Amino acid sequence: MNTTVYVPRDSTALAVGADEVADSMVATAAARGIELNLIRNGSRGLFWLEPLVEVATAAGRVGFGPVAPQDVPALFDAGLLQSGAGAPAVSLSHPLALGLIDDISYLKAQQRLTCARIGITDPLSLPDYEAHGGYAGLRRALALAPEAIITEVVESGLRGRGGAAFPAGIKWQTAARAPGAQKYIVCNADEGDSGTFADRLLMESDPFVLIEGMTIAGVAVGATQGYIYVRSEYPHSVVALEAAIATARAAQRLGPDLLGSGKTFELEVRKAAGAYICGEETALLDSLEGKRGVVRVKPPLPAIAGLFGKPTVVNNVVTLATVPIILARGAAYHRDFGMGRSRGTLTVQLAGNIKHGGLFETAFGVTLRDLLFTFGGGSASGRPIKTVQVGGPLGAYVPESQWDMPMDYEEYAKLGAMLGHGGIVVHDDTVDMARMARYAMEFCALESCGKCTPCRIGAVRGVEIMDRIMANEKRPEQITLLQDLCDTMINGSLCAMGGMTPFPVLSALKHYPEDFGAAGAIEPRH
């Protein structure tokens, strides 16, 4: 009897021993004369359960985790591989047994659109991808006029998921209307925000969805060449993308004759050089051109004069990976999720001091409190949660009084916060917010491209001021000076690096004044 077993191959699972678990499964099966069909799938995004082993049964896939290599013989003894396609279910007597994967409450409560296939399919199998709806979007796009494709994206309400939340369809429309014989699609996969991993998870667990999304974008705006700019710390993503691109090209999903349509789109992977600032689209373009990554003055916008001075669409991984389902199911399907102007789903990434860290995709409007406690399980330390940084290292610290606010771009903007890329970093009550504010300035000083003075010099001065505040040197005057400095950085910086570094500083000052030695709340001055 041949039983199918799934062991993830994404970076998180590999970091906690998934390869060793897979090797142990194969060796144990061989020693016992058991036929084993081992599939290296992507992660489901339930990182606290990795390595998560799944067994195909008649009732559905049954999970065991977290599994260590030494657990494998005992799992076999408990009947791990005795389910078979026709048996009712695998034995659930083992302490690592989780039951049916689809019944796990963390997964069951999600609304997965962009990440619908992660953990389910073999990431490098094109037949598996297409069996689960893959390339339906591109097939429909090839039957539409380019303007009609863009209209679908505009009407879907899709906004950039990289942080800026700019309407994706408007960006495409601008590039499509810009004159130019050569146009480009660039995927910003330089995922550098703290606590974020959605881009990596998609690239490693469902690379074809990104390829399909970029191809649809190319057909829509008249671009024939695309580049995926991948963070240098993501070697497994690079390997998965390059393998998937080669497979797609061999099957006419890339190249000079897309699915026999006569239309062309080529795609290449480029590795970033480790600079956080290259997550900013114009610095990224400079880096792609072989230059030092430095922010450009806008206008002109990249959609008009971007890579090599040509019209260029720059979107991040999650944005482009959402395009196929919009084209496959129609704009209204995507638009029906969410609230207000925030349509579709948010790929929340739970990280930091959280018991159940991982990916949680759901419609806009979920509250932080639900994410932290209903799904995240509270802090990993068991201590009270003090604050949550939402939106990466440039995001504000959100206090408990704001955890019931629906997660929506406009609602969070009213708080002086942002959703960013959906990263959520949790801190318990042992955190010192003055130190966190100092770190924000230090991070900016280290990562600034240096082009504009408010960012280049302001961040250095910010570290110095924080050191004086923490040493109780003329603290009231230094706090006032810090506020003035933040005002200058917000209003004078060339890009979000300097313009948003004050967000975590000012939110920490406002909501946790006691950590700065102040008696009451310190309101922002800008």
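Residues numbered from 1 in each chain as written. Predicted model: local features only at pLDDT ≥ 70, side-chain atom pairs only at ≥ 80, totals over all residues. Heavy atoms only, no water.

1. What about the packing of aromatic side chains?
Test applied: Centre distance within 6.5 Å is the pairing criterion for rings of Phe, Tyr and Trp, where only the six-membered ring of Trp is used; planes under 30 degrees apart are then read as stacked, over 60 as edge-to-face, and the remainder as tilted. Put simply, DSSP marks the helices as runs of H or I at least four residues long and the strands as runs of E at least two long, and each gets a number from the N terminus on. Residue exposure (1.4 Å probe, protein chains only): buried if accessible area is under 20% of the type maximum, exposed if over 50%, otherwise partly exposed.
One pass over the full model with this rule turns up 13 aromatic pairs. Judged by centre distance (5.4 Å) and plane angle (85 degrees), the rings of Y129 and Y135 are edge-to-face. Seen from their ring centres, Y184 and Y227 are 6.1 Å apart, and the 40 degrees between their planes marks the pair as tilted. Of the two residues, Y184 is situated in strand β6 (residues 184-189) and Y227 in strand β7 (residues 225-230); the sequence distance between them amounts to 43 residues. The class of Y227 is buried, set by a relative accessible area of 13%.

2. A closer look at a nonpolar patch on the surface
Cut-off, in case you're wondering: Like charges are joined within 9 Å and nonpolar side chains (Val, Leu, Ile, Met, Phe, Trp, Tyr) within 5 Å, but only among residues with over 30% relative accessible area and no salt bridge; these make up the patches. Surface accessibility in these figures is a Shrake-Rupley result with a 1.4 Å probe; residues are shielded only by whichever protein chains are displayed. Within this document, salt bridges are pairs made up of a side-chain nitrogen of Lys or Arg and a carboxyl oxygen of Asp or Glu, the two lying within 4 Å of each other.
Side chains of V154, F166 and I170 sit close together on the surface and give an oily, nonpolar patch of about 230 Å² of accessible area. Of the residues examined, F166 reaches a relative accessible area of 43% and is grouped as partly exposed.

3. Observations regarding the sheet that holds strand β14 (residues 385-390)
This is how it is decided: One bridge is not enough; two strands pair if DSSP finds at least two bridges between them.
One open sheet accounts for 5 strands, arranged β13-β12-β16-β14-β15; its pairing is mixed. With partners counted over all chains shown, the strands left at the sheet margins are β13 (358-363) and β15 (397-398), one partner each. With 2 bridges connecting them, β14 and β15 associate as antiparallel partners. The partner of Q389 across the bridge, within β15, is Y397.

4. Let's talk about helix α2 (residues 18-31)
Rules: The span one expects for a helix is its residue count, reduced by one, times 1.5 Å. Of all possible arcs, the one meant is that of the directions from the helix axis to the C-beta atoms. The contact rule is simple, with two residues in contact once any of their heavy atoms fall within 4.5 Å.
Look at α2: 20 Å from first C-alpha to last across 14 residues, which is about the 20 Å you get at 1.5 Å a residue. When we look at burial in α2, the residues that qualify are A18, V21, A22, S24, M25, T28 and A29. The buried side chains of α2 occupy one side of the element, clustering within an arc of 160 degrees when seen end-on. For α2, the exposed residues set more than 90 degrees away from the buried face come down to D23, A30 and A31. Residues of α2 that are buried sit in contact with β1 (3-6), α1 (11-15), β2 (36-39), β3 (53-57) and α3 (72-77). At the C-terminal side of α2, G33 shows a positive phi close to 70 degrees.

5. Some points on empty space enclosed by the protein
For clarity, the cut-off: Whether a set of points on the 1 Å grid over the protein atoms alone is a cavity depends on a 1.4 Å probe fitting there but being unable to get out, while an open set qualifies as a pocket with protein on both sides within 12 Å along at least five of seven lines; lining residues are those with an atom within 4 Å of a point. Grid points are joined across faces, edges and corners, and a volume is the space filled by probe spheres set on the points. Put simply, Ala, Val, Leu, Ile, Met, Phe, Trp, Tyr, Cys and Pro go in the nonpolar bin, Asp, Glu, Lys and Arg in the charged bin, and everything else, Gly too, in the polar bin.
Applying the stated criterion across every chain yields a total of 1 cavity of 30 Å³ or more. Reported here for the largest cavity is a volume of approximately 60 Å³. I277, V295, S448, C449, G450, K451, C452, C455, L494, C495 and M497 together form the lining of the largest cavity. When grouped by side-chain class, the residues that make up the lining of the largest cavity number 8 nonpolar, 2 polar and 1 charged.

6. Side note on helix α11 (residues 235-250)
What sets the pattern is the α-helix's 3.6 residues per turn: residues three or four places apart point alike. Along its 16 residues, α11 runs 23 Å from first to last C-alpha, staying within 8% of the 22 Å computed at 1.5 Å per residue. Inspection of α11 places S237, V238, A240, L241, A244, I245 and A248 among the buried residues, and these make up the whole buried set. Down the axis of α11, the buried set is contained in an arc of 165 degrees. They therefore lie on one face. For α11, the elements touching its buried residues are α9 (198-205), α10 (207-221), β7 and β8 (266-271). Of the residues one or two after α11, Q252 is the one with positive phi, at around 65 degrees.

7. Looking at the pairing of β6
Of all 6 residues in β6, 6 are buried, a share of seventy percent or more. Taking every second residue as pointing to the same face, both faces of β6 are buried, with Y184, V186 and N188 on one and I185, C187 and A189 on the other. For β6 and β7, the ladder comprises 6 bridges, and the chain directions are parallel. Its bridge partner lying in β7, Y184 is registered against Q225. Here β6 pairs with strand β9 (residues 312-316) via 5 bridges, running parallel. What sits directly across from V186, in β9, is V314.

8. A closer look at the pattern of salt bridges
Taken as a whole and judged by the stated rule, the model has 31 salt bridges. Where E204 meets R200, a salt bridge forms, and the shortest distance between an N and an O atom there is 3.0 Å. Note that E204 and R200 are positioned in helix α9 at a spacing of 4 residues, about one turn of the helix. When the shortest N-O distance is used, the salt bridge between R438 and E442 registers 3.5 Å. A residue pair is termed a helical-turn pair when its members lie 3 or 4 positions apart in one helix, as R438 and E442 do in helix α17 (residues 433-447) at 4 residues. A residue is classified by how much of its surface remains accessible, and R438, at 22% relative accessible area, is partly exposed. One connected set of salt bridges, linked through shared partners, spans K171, E280, E281 and K298.

9. Examining the domain arrangement of the chain
Applicable threshold: Segmentation into domains, and thus their bounds, comes from an automatic or database assignment. In short, buried area is how much 1.4 Å probe accessible area vanishes from two parts on joining, totalled over both. Polar contacts here mean pairs of N or O atoms no more than 3.5 Å apart (in protein, one a potential hydrogen donor and the other a potential acceptor; neighbouring residues in sequence count only if both atoms are side-chain atoms).
Along its sequence, the chain is carved into domain 1 (3-108), domain 2 (126-335), domain 3 (338-428) and domain 4 (433-516). Of note, the centres of domain 2 and domain 4, computed from C-alpha atoms alone, are 34 Å apart. The partner domain 4 presents 7 residues to the 10 residues of domain 2 that form the contact. Here domain 2 and domain 4 share an interface that buries about 750 Å² over both sides, 73% of which is from carbon and sulfur atoms. Together, Y276, I277 and V295 form the three largest contributors to the area buried by domain 2 at its contact with domain 4, with a combined 61%. Where domain 2 touches domain 4, the interface holds 3 residue pairs in polar contact (both at pLDDT 80 or more). In terms of residue class, the side of domain 2 that touches domain 4 is made up of 6 nonpolar, 1 polar and 3 charged.

10. Remarks on the environment of L259
Locating L259 in the fold gives a position in the loop between α11 and β8. The class for L259 is partly exposed, based on a relative accessible area of 24%. Setting aside residues up to four positions removed in sequence, L259 forms contacts with L138, R139, L142, Q252 and R253.

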